[in-house]
Amino acid sequence: MKTPGSRADRDPQRNGTTVLNEAARALFEGPNIAHVATLLPDGGPHSVPVMIDVEGDHLAFFTSPDSRKGRNLAADDRIAISVTDRENLVLSALVRGRVVKRVGGDEGWAIVDRIFAKYTGGPYPSREDREAYLVEPEHVTVPTFG
């Protein structure tokens, strides 16, 4: 959330947008490992690697609601995500946004299986307690060099 006088108000990034542009979408659609950062109860950062994909205009990843990131997101839906192309480490995309939906049941498992298959070629190996999380991008940046 922007507050008056925040750095975002004083110094907005020129190449930031609120939608997944073609370059960002391609990175998230590829089998690239992303890193998700959430906020711990004390306000500190918690960052972990995740498998991720695009679901319409949202980013989708999965986790157990009882995991550290699941608990963090239940308390505060703000999230930051970075992804780097596994074949070209100079290509990356950065997203800040909010989790807008947690998807469970058959619909959630369809998303989990699709994401997992993108990375491994097959469905998630068990039916443990997992949910898909949909993230609405609020700020998307694809850094350019040169």
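Structure's up top.
Note that the structure is predicted; figures quoted are calculated from it, not measured.

## What about the environment of Leu59?
- Position of Leu59 relative to the elements: it lies in strand 4 (residues 58–63).
- Separated by 22 residues in the primary sequence, Leu59 and Ile81 have C-alpha atoms spaced 9.3 Å apart.
- Once you skip the residues sitting within four places of it in the chain, Leu59 turns out to touch Leu20, Phe28, Ile52, Asp53, Val54, Ile81, Val95, Tyr133, Leu134 and Val135.

## Re the pattern of salt bridges
- The tally for this structure, following the rule as stated, stands at 12 salt bridges.
- The salt bridge partner of Arg25 is Asp57, with a shortest N-O separation of 3.7 Å. Taken together, the residues Arg25 in helix 2 (residues 22–29) and Asp57 in the loop between strand 3 (52–55) and strand 4 connect sequence positions 32 residues apart.
- Classification of Asp57 as exposed rests on a relative accessible area of 59%.
- Measuring nitrogen to oxygen at the nearest pair gives 2.6 Å for the salt bridge that ties Asp53 to Arg114. A residue pair is termed long-range when its members are at least 10 positions apart, and Asp53 in strand 3 and Arg114 in helix 4 (residues 105–120) qualify at 61 residues.
- Residues joined in a network through salt bridges with shared partners are Asp53, Glu55, Arg114 and Lys118.

## Here's the deal with the pairing of strand 1 (residues 34–39)
- Burial along strand 1 is one-sided: Ala34, Val36 and Thr38 are buried, and none of His35, Ala37 and Leu39, which face the opposite way, are.
- With 6 bridges joining them, strand 1 and strand 2 (residues 45–50) adopt antiparallel strand pairing. Bridge pairing in strand 2 links Thr38 to His46.
- Between strand 1 and strand 2, which pair antiparallel one after the other, the connecting turn spans 5 residues, and Gly43 there sits at a positive phi close to 90°.

## Examining helix 4
- With 16 residues, helix 4 extends 22 Å between its outermost C-alpha atoms, agreeing within 8% with the 22 Å of an ideal straight helix rising 1.5 Å per residue.
- Among the residues of helix 4, those classed as buried are Gly108, Trp109, Ile111, Val112, Asp113, Ile115, Phe116 and Tyr119.
- For helix 4, the secondary structure elements touched by its buried residues are strand 3, strand 4, strand 6 (92–103) and strand 7 (131–141).
- At the exit of helix 4 stands Gly121, carrying a positive phi of roughly 90°.

About the thresholds
- Residues numbered from 1 in each chain as written.
- Predicted model: local features only at pLDDT ≥ 70, side-chain atom pairs only at ≥ 80, totals over all residues.
- Heavy atoms only, no water.
- Helix = DSSP H or I, 4+ residues; strand = E, 2+ residues; numbered from the N terminus.
- Contact = heavy atoms within 4.5 Å.
- Salt bridge = Lys/Arg side-chain N within 4 Å of Asp/Glu carboxyl O.
- Buried < 20%, exposed > 50% of the residue type's maximum accessible area, 1.4 Å probe, protein only.
- Pairing = 2+ DSSP bridges.
- Expected span 1.5 Å × (residues − 1).

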